[in-house]
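Structural features, examined
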Amino acid sequence: MPPACQMEGRRMRWSLCGEIDHHTAGTLTRQLEEALSLRLPQELELDCSGVSFLDSSGIALVLRAWRTVSALGGTMCITGVPEQAARVLRAAGIHRLVTIQTRA
């Protein structure tokens, strides 16, 4: 099932779920790149509230999205991040590029 994508003006919310690993990241990255090129958002929110696992392949997805949105002159944030994924993202230094909001 592809991630849910919602647009409000130039703000895109892309909701991920399940495991983001080497089995899924390639397809998700292609889907996200397509959505970004079609919608050209100024703000991207990656909603990770449905994510159960994230590894280095997920880091690559985030970096690719950040580069694309930055090239459009936009900003990006990651919300609803579970603790396991937050540890991986922080270890990779992603928090220096985008705001990461963990699950409450």
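Only a predicted model underlies this, so the values are computations on that prediction, with no experimental measurement involved. (Residues numbered from 1 in each chain as written. Predicted model: local features only at pLDDT ≥ 70, side-chain atom pairs only at ≥ 80, totals over all residues. Heavy atoms only, no water.)

Quick notes on the overall build of the chain
The helix and strand tally for the chain stands at 3 helices and 5 strands. Listing the helices and strands of the chain from first to last along the sequence gives β-β-α-β-α-β-α-β. For the chain, whose C-alpha radius of gyration is 12 Å, the value lies close to the compact-globule estimate of 13 Å for 104 residues. Summarising its shape, the C-alpha atoms of the chain cover approximately 30 × 30 × 25 Å along the three principal directions. Per-residue burial for the chain yields a buried fraction of 42% across its 104 residues. Within the chain, contacts between residues separated by at least 24 positions form 66% of all contacts whose residues are at least 6 apart in sequence. Carbon and sulfur atoms make up 52% of the accessible area of the chain, which totals about 5600 Å². Treating the 11 positive side-chain charges of the chain as one cloud and the 10 negative ones as another, the clouds have centres 4 Å apart. (Helix = DSSP H or I, 4+ residues; strand = E, 2+ residues; numbered from the N terminus. Rg over C-alpha atoms; globule rule 2.2 N^0.38 Å. Buried < 20%, exposed > 50% of the residue type's maximum accessible area, 1.4 Å probe, protein only. Contact = heavy atoms within 4.5 Å. Areas by Shrake-Rupley, 256 points an atom, 1.4 Å probe, with all protein chains shown as cover. Lys, Arg positive; Asp, Glu negative; His and termini not counted. Charge placed at Lys NZ, Arg CZ, Asp CG, Glu CD.)

A word on the pairing of strand 2 (residues 11-20)
Note that strand 1 (residues 4-8) and strand 2 share 5 bridges and pair antiparallel. Counted as the bridge partner of M7 is M12 from strand 2. Joining the antiparallel neighbours strand 1 and strand 2 is a turn of 2 residues, in which G9 adopts a positive phi near 65°. As paired elements, strand 2 and strand 3 (residues 43-54) share 9 bridges and run parallel to each other. Paired with R11 across the two strands is E43, which belongs to strand 3. Between the parallel elements strand 2 and strand 3, the chain passes through helix 1 (residues 25-39) in a crossover that is right-handed. (Pairing = 2+ DSSP bridges. Right-handed = clockwise from strand over helix to strand, strands pointing away.)

Looking at the pattern of salt bridges
Side-chain pairing between opposite charges can occur once the charged atoms of the two side chains come close. Summed over the entire model, instances satisfying the criterion amount to 6 salt bridges. Put simply, R11, R13, E43, E45 and D47 are held in one network by salt bridges that share partners. (Salt bridge = Lys/Arg side-chain N within 4 Å of Asp/Glu carboxyl O.)

Structural notes on the packing of helix 1 against helix 2 (residues 56-71)
Contact geometry of helix 1 with helix 2 gives a least axis separation of 10 Å together with a crossing angle of 15°. Taken together, the axis directions place helix 1 and helix 2 in an arrangement best described as roughly parallel. Judged by the twist between their axes, the crossing of helix 1 over helix 2 is right-handed. Across from A25, L28, T29, L32, E33 and L36 in helix 1, the residues of helix 2 making contact are S57, L61, R64, A65, T68 and V69. Each residue belonging to the contact of helix 1 with helix 2 can be placed in one class, and the counts come to 7 nonpolar, 3 polar and 2 charged. (Axes fitted to C-alpha atoms, helices over the stretch in contact; angles between N-to-C directions. Parallel < 35°, antiparallel > 145°, perpendicular 65-115°, else oblique. Left-handed = near helix turned anticlockwise from the far one by under 90°. Nonpolar A, V, L, I, M, F, W, Y, C, P; charged D, E, K, R; others polar.)

Quick word on the environment of S15
Checked against the element boundaries, S15 lands in strand 2. Residue classification places S15 among the buried positions, given a relative accessible area of 18%. It is 16 Å that separates the C-alpha atoms of S15 and A86, two residues lying 71 residues apart in sequence. Residues within four places of S15 in sequence aside, it is in contact with P3, A4 and D47. Within the structure, S15 has its side chain in polar contact with the side chain of D47 (distance 3.4 Å). (Polar contact = N/O pair within 3.5 Å; in protein donor to acceptor, adjacent residues only side chain to side chain.)

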